[in-house]
Structures are given as structure tokens and as C-alpha cells.
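Architecture at a glance
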Amino acid sequence: MATVESRTAYWEQAKEQGFDLSWLEKLREHVAGEGVEEQSANDTGRVQGSIPRGDVARFGAYTFRTKSEVWAHNLTKLYEEFITRQWSSATDIPWETIQPLPDDIEAAQCQLATFFTQVEFIASDVPGRFISTMSPDYQEVRLALLAQVMDESRHLDVFRKRALANGGGLMRMIDSVSDVVGGSTDNAREFTEFSSRLHITGEGNVLTLFRLGEMMAYNEAEKAIYRRCAQDEARHVAIGVLHLRYMNEFAPERRDEIHCYLDEGESRQATGAGGENPAGQSQLTSGALAMLLGGGKDKVDEGQKILMAIRQRQTKEYFQRLKSAGFDDRIHNGRVNPALLEQYKAAA
Amino acid sequence: MALEEEQQQSGEEADPQSSRTGTSPEAAIDRFSWMNDTLEWGVRAQPGKRGLTMRDLNVGSYGEVPESSSDMSRRPRGAFPISGIPRTDLYALSAKVDLWADNAVDLYEEAIQRRWMGHLEIAWEEITPQPYEYELAMRQLCTELAQQASIETDLIGQWLHKMNYAYHEVKTFLASEIFDTGRHYTIFRHRALHNGGSLGLESAGQFNRRMMETRPGWTEVSVFLYLVRGPLTLLLYRFGEAYARNKADQLLFRKCMEDKTRHMAYGMAHVRYAVENQPEGFGLGLSNLMRGVERDLVRDLNDPVLWEALAIIIGGSVENIAGGMAVVEDLKQRYIEDYLRRMQWAGINKTEANLSPDLAVFLRREETAPSGD
């Protein structure tokens, strides 16, 4: 092993040969900083913790460069789970278990699959937009979002596969934007607004439904689809809960603003506006769901009763998320949407 | 179709369910009207030996990929359209020629099948402390590669949401690519910090800037990302594997190489498709565009940091850096040759004759040319 003296000698020798090696000196002296900066001055896309150079043009123009705008604790752990629990829609779903179904049931499955195919487009496009607008100093958040984009792509893929696998086809597209109260998930320009709307409300509702997938499934393939999608969706919801929890702790001055986002989300959940909740009232998909839950076209009303119970469960789980994130004061202080509160009480 | 017949029947006869609930027959018809709304019914995509792949779904009208799409409502391709739907987004990339590659659909499935887990599959404990200078150089190389991956994340992130869902095969493939870039970032950063290290200097950055600031289209970005940057990244992975001192490092570079090869397969196929299907002169335009781009590239290739780090890794120490640098010069030469080959394959007339003279230097033709005596 080279001694410090001999090293110095041949470093000098190398420099005499024309090598620069100044970077090596910098690396030798560099001590990794601790933690993530509250403000990011990174405009060159450098890796968080790397040594900045003075001669690199700035091209980052990242919109989000403040930790408290985007951060959440434990995202690294969550990201590892994203990596570990990837699956294949081609080979991990037992497609061979799908058998011909009555036309009404097949149509309902296909309508629901069409809905999920389309709604996953939103869940993929919108997080994707935020990735490149966020400083790489907050890479943990970017990683969670890009992993979500991957999951959502697989979801749109698996539901398209379901629609086309069993003698059916894609059905009616959804109207996902009209009659929206306040801003839509699509239009959110602010990360917390986006996250509360997509992760907490939108995907939260879908998660409840996926968890109850056994009730809508008519074969092992469908059960596997819902089960696997539920696992993925739980991670997406976790991004939102972890972020809101962080905001509650470290940006309490924004609590009122966040409550406004939640107001809007609840209004949509209560009325079905926005069309993102397949179990929502007056939705095309709620008809299909009722058919699946009841067991056929002639049992839709029985299905509707189960659907009502599902809506109550969606609300119950939403309230649990509020509690977990530290925003459950709205449940007790009269701010929460009255229709949801009623559902919650009915479910208790 | 059977559904239509059923609907007609339910319209003619009072639905017992609706009469029980007091719903009129007309309302009952409306209630189930969606059951008629399909453009093609009776599809039964069959799984093949690789399972039920996305390509298997491209049957009948569902497999018809439009040359352009004016749909801004995210209607899944082949879903039943309804009128009066407001536009949800303005997809700037709504023409097939702007993003398509025939192989994207298969590469997406391949990406899923060949997924791997850096934090579990790499035997990190095998990466024991190496001689000091080698370790510093390795940190520098890994910092550079982590940044390359991160820039790729940014780049795809900038464009992915602008792509119309009529081309979901490409969007899902690029989602898998962005996922890969996240993994590459993570493992190279992890490798740099392994053994109690810290990160090295940020990239020289000129070419990163060029890619990030490119606005005309995804095809131009693809040329830069897959035909210019891609071959370099791939070579760095190759050399990383070849000069690795343990199996863990070897595997790490090899796995990344597999991913990168897949990314480039899409990118090259797309650029070729664009050149073949855009109006005449498009390929010439891309070739002309490269004049300035190549000067950016020269600046990065002359920056000593990455190359000296690589020379130390290859040589094993600063003492042997000159020997290592000879190999690095070979790498640079191979890189430029590879760049030319890939451009030509894609239909862009880029040759040694029209290469930027500063870049042509890296081909070292005068060193290898016969003396003529």
C-alpha cells in the first residue's frame, strides 16, 4: 500500500505529465453534508451531496426547491418497497382462470376495466409532471413519484388486458373532469394540493375499492389484479399521508390552506363530481359496480346496497388517513363535509 | 352482438327489477345504456408463452395505431367515445411520428420481466474497501453515472406527460425507463457512498444542459439521449464491469448495461422511424443540428474529471494513470465510432467527413494512418 509520502510523489509526477488531479484533491477534502437542505440551490441537476463546480451553466429552473414544499419522512423505505414489489401483468396474473361470463357481468367488468385504464392515465401523467420540476436535492420524493408512474402504467396495462381477455372489449370512456368543484387533480400546480387530491382522496377511494376486489371478482385472475393493484395503491396513498404528516409537523402555517384542498376533495367525494371515484354517486361505473356486486343485471339494487356500504368504508378509511396525517381536527370541528360525516356515523 | 339483443329485449319488456323498484322501463333502459357502448365486442386476446403481453392485445380495431390523434381527453385507444367531453390536457405529442417505435410494446414487457432490485441483488458486503485512490476514483465515476441517470429522469419527466395516450405502448415503456433511471441513480449513489465515502464532483454538464434545454421535439431529445449520450453511458458501464474488482461491482454494471441497451433499442428505433416518416429533409435537419451539439460534447470530453477517474480505476492507482489513460483514449475513440454508426443506422448522415473537427480528433486517425513513406 502506498504511503502518504510516496502518494504525494507520484501525484506530483502525474501532474508533471499533464494530468489535472485537482478534482482528486477536492474529493479527498470533501466531507458529505448532513441531511437534506431546507433550500435547494441546485440549478445544474447535480446529485444531492456531490461537489458543485463553478463553471457549469444553470439549466435546472426547478419550481420546487424548498424542502417543506415536497418532503416526507421515510420515503426511502417506501421506495425500496416499490422496487421489491413490482409485478408483471403478463405473467403474474393467472389469465387461464378467466372463463366466459354472462354478458352483463362481462360488460360490467369491461366497463370498470375501461374506467381504471383511463383513470390510471391521470395517476400516471400528473405525478410525472412534478418529477422534473423538483430539485434533485429532494430525490427521495422524485423516486417515489417515478415509481408511482411505473405502477400506474402497469395498472392501465393490466386493466386493458382484462377488458380484452375474455370476449368483451373496451367500453364507454369516462368524463373525468366536468362538474369539478375547485381545482382538479389535473390542474394542480402546487405539490401539496396535487398530493392531497390525488393520493389522499382520489387514490384513497380507489384503494378501498381494490381492497374489496374479491367482491367484484369472478375468477382468480380478477382477484389477483385487484389484490396486486391494492398493494401498489397503498404505497401511493402512503406518499400523500407521509407528506401531509410532514406538513402538519414542519409547515403548520400551511394547515389552513391544506384544509381548503381537503374541502374540495371531500366535496368531490360526497357528490361524485370529477368522476374519479368509481363508486361515487351518479357514476357510470357505479352502475357497473352494482351489477358486479349484486351478481347481475337483475340484481343491481342489491348491488347498490353493497355499494353504499363501500362508500361508507371509503369515508371511514379517508377519516383514518386524516387522523394519521394529523388533520382529523376537521372531523370534530364541523369543517368536514356533512355528507361524509353522516356516512362515517352510519358506518360506525 | 348479444348485448344489443338483450338491451332491445329489455326495452320491449318491462324489467321486473325496475317494476319492483318503481323505475319506468325507459329509465331502466337508460340505466343500462352503457352496456351498448363499445366499438368492438367479442375480443379474446390469447396469452402466449410469455403470458398475456401488451402486444397480444393489439387485435382488431384495438391494434390500430392512429397516425395522429386529436383526442385530448385521455380516451383509451379503442374505448367508446362520448361527445361533450371537455379537453383535459393539451398533448403536444399527438402524432405517431413524434414518438413511435414498433419495438416499444415488447421492450415494455421486457423491462418488467427483467426487473431487478439493487438493494437486494447486489452483494454489497462484497465491496470491501479498495486502495484509497481507486476508491476516490470510483466515487467520482459513480457520481457521474448517478447524475446521468438523474438527468435522464428529468428529461423523460419533462416529455412523458406531453405524449398522447393513443400511443400508450410508448408511454408505458418510457415509464419503465424512468423507473430504471431511478434505480440507476440509487445504486450508483449508494456505491459512491459505500465504504464510508462521499460523492465526487458534479458532471461537466454541457451536454446535460443541451438535452434539458431542447424544445423542438421528443425526436431531437431522443437523438441526444439515445444516440449521443446513450453510447457513452453504455461504454462507461462496459468498462465499469470489465475493470470491476469484485463480483458485486461487476453485477451492478452489467445489470445497468442490460437496462441501457433496452432504452437505446427504443430510442434508435424511434429516431429511425421519425427519419423515415417525417417529410424529406428531416434527417438532414438532425444532421445539421449536430454541429453545435458536437461542440458541447467536445467540451465534456475534454473535461479531465471523469476521464482521469476512469484512468485511475483502469490503471489501479495514480501511479499508473498514464497506462489507464491510454485505455480511456481507446474508449473515447470507440465512443465516437459508435456514435457515427448509430446515427447512420437511424438514417442520419453523420460521417467522419462531416464530424466536427474537434470531435474528430478523438478518432485519432492521424495516429493510426500509414505514414505514406
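Everything numeric here is computed off the predicted structure, so don't read it as measured data. (Residues numbered from 1 in each chain as written. Chains lettered and ligands numbered in written order. Predicted model: local features only at pLDDT ≥ 70, side-chain atom pairs only at ≥ 80, totals over all residues. Heavy atoms only, no water.)

To continue, consider the overall build of chain B. A count of helices and strands for chain B gives 15 helices and zero strands. Relative to a compact globule of 373 residues, whose C-alpha radius of gyration would be 21 Å, chain B shows 27 Å and is clearly more extended. Of the roughly 14,400 Å² of accessible surface on chain B, a fraction of 48% belongs to carbon and sulfur atoms. Across chain B, the 41 positively charged side chains and the 55 negatively charged ones have centroids separated by 3 Å. (Helix = DSSP H or I, 4+ residues; strand = E, 2+ residues; numbered from the N terminus. Rg over C-alpha atoms; globule rule 2.2 N^0.38 Å. Areas by Shrake-Rupley, 256 points an atom, 1.4 Å probe, with all protein chains shown as cover. Lys, Arg positive; Asp, Glu negative; His and termini not counted. Charge placed at Lys NZ, Arg CZ, Asp CG, Glu CD.)

We now examine unusual backbone geometry. One non-glycine residue, Asn-74 of chain A, adopts positive backbone phi at about 65°. Looking at where Asn-74 of chain A falls in the secondary structure, it is placed in the loop between α3 (67-70) and α4 (75-84). Owing to a relative accessible area of 57%, Asn-74 of chain A belongs among the exposed residues under this scheme. If you check the backbone angles, Asn-195 of chain B has positive phi at about 60° while not being a glycine. When you line up the elements, Asn-195 of chain B lands in the loop between α7 (168-193) and α8 (206-212). The class for Asn-195 of chain B is partly exposed, based on a relative accessible area of 29%. (Buried < 20%, exposed > 50% of the residue type's maximum accessible area, 1.4 Å probe, protein only.)

Quick look at the confidence of the model for chain A now. In this model, chain A carries a mean pLDDT of 92, and residues with pLDDT of at least 70 account for 96%. Across chain A, the element-wise mean pLDDT spans from 83 in helix α1 (residues 4-16) of chain A up to 98 in helix α9 (residues 220-250) of chain A. (pLDDT = per-residue confidence, 0-100.)

Here the focus is the interface of chain A and chain B. Taken together, the contact pairs 101 residues of chain A with 108 residues of chain B. A combined buried area of about 9,000 Å² lies between chain A and chain B, and 63% of that area is made up of carbon and sulfur atoms. There are nine salt bridges connecting chain A and chain B. The salt bridge partner of Asp-154 of chain B is Arg-142 of chain A, with a shortest N-O separation of 2.6 Å. The interface formed by chain A and chain B holds 49 residue pairs in polar contact (both at pLDDT 80 or more) in total. Looking at the side of chain A that touches chain B, the elements with two or more residues in it are α1, α2 (22-29), α4, α5 (103-131), α6 (139-164), α11 (284-294) and α12 (300-325) of chain A. In terms of residue count, α5 of chain A provides more of the side of chain A that touches chain B than any other element does, 17 residues in total. (Contact = heavy atoms within 4.5 Å. Buried area = accessible area lost by both parts, 1.4 Å probe. Salt bridge = Lys/Arg side-chain N within 4 Å of Asp/Glu carboxyl O. Polar contact = N/O pair within 3.5 Å; in protein donor to acceptor, adjacent residues only side chain to side chain.)

This next bit is on the packing of α12 of chain A against helix α14 (residues 338-347) of chain A. Residue and element names in this part refer to chain A. At a closest axis distance of 8 Å, the pairing of α12 and α14 adopts a crossing angle of 100°. Considered as vectors, α12 and α14 are oriented roughly perpendicular to each other. Contacts from Arg-311, Gln-312, Thr-315, Lys-316, Tyr-318 and Phe-319 of α12 reach α14 at Leu-340, Leu-341, Gln-343, Tyr-344, Ala-346 and Ala-347. (Axes fitted to C-alpha atoms, helices over the stretch in contact; angles between N-to-C directions. Parallel < 35°, antiparallel > 145°, perpendicular 65-115°, else oblique.)

In this section: α2 of chain A. Those residues of α2 of chain A lying buried are Trp-23, Leu-24 and Leu-27 of chain A. Seen along its axis, α2 of chain A keeps its buried residues to an arc of 100°; they face one direction. (Arc of directions from axis to C-beta.)

Residues and elements named next belong to chain B. Inspection of the entire model under this criterion finds seven cavities of 30 Å³ or more. In this structure, the largest cavity spans a volume of roughly 150 Å³. In terms of lining, the largest cavity is formed by 15 residues, of which the most central are Glu-144, Ala-204, Leu-232, Asp-300 and Leu-306. Elements with a contribution of two residues or more to the lining of the largest cavity: α6 (132-160), α8, α9 (218-242), α11 (282-302) and α12 (304-315). Its residues placed into classes, the lining of the largest cavity shows six nonpolar, four polar and five charged. (1 Å grid on protein atoms, 1.4 Å probe; cavity = no way out; pocket = protein on both sides within 12 Å on 5 of 7 lines; lining within 4 Å. Points joined across faces, edges and corners; volume = space filled by probe spheres on them. Nonpolar A, V, L, I, M, F, W, Y, C, P; charged D, E, K, R; others polar.)

To continue, consider the nonpolar core. Counting residues in hydrophobic clusters, the biggest one holds 224 residues, and the most contacted among them are Trp-23 and Phe-116 of chain A together with Leu-174, Phe-188, Trp-218, Tyr-266 and Trp-307 of chain B. Apart from the residues lying within four places of it in its own chain, the contact partners of Trp-307 of chain B are Leu-232, Leu-236, Asp-300, Leu-301, Met-325, Val-328, Leu-331 and Lys-332 of chain B. Residues Phe-121 of chain A together with Met-72, Tyr-91 and Tyr-165 of chain B belong to the second largest nonpolar core, which totals five residues. (Core = buried A, V, L, I, M, F, W, Y, C linked by side-chain atoms within 4.5 Å.)

Residues and elements named next belong to chain B. One can describe the packing of helix α4 (residues 104-113) onto α7 by two numbers: an axis separation of 8 Å at closest approach and a directional angle of 35°. Here the hand of the crossing between α4 and α7 comes out left-handed. Contacts from Ala-104, Val-105, Leu-107, Tyr-108 and Ala-111 in α4 reach Glu-169, Val-170, Thr-172, Phe-173 and Ser-176 in α7. The residue inventory of the contact of α4 with α7, partitioned by class, reads seven nonpolar, two polar and one charged. (Left-handed = near helix turned anticlockwise from the far one by under 90°.)

Space inside the largest pocket adds up to approximately 630 Å³. In terms of lining residues, the largest pocket is bounded by 18 residues, among which Arg-129 and Thr-133 of chain A together with Gln-158, His-161 and Lys-162 of chain B are the most central. Every element with two or more residues in the lining of the largest pocket is listed here: α5 of chain A together with α6 of chain B. A breakdown of the residues in the lining of the largest pocket according to their chemical character gives five nonpolar, seven polar and six charged.

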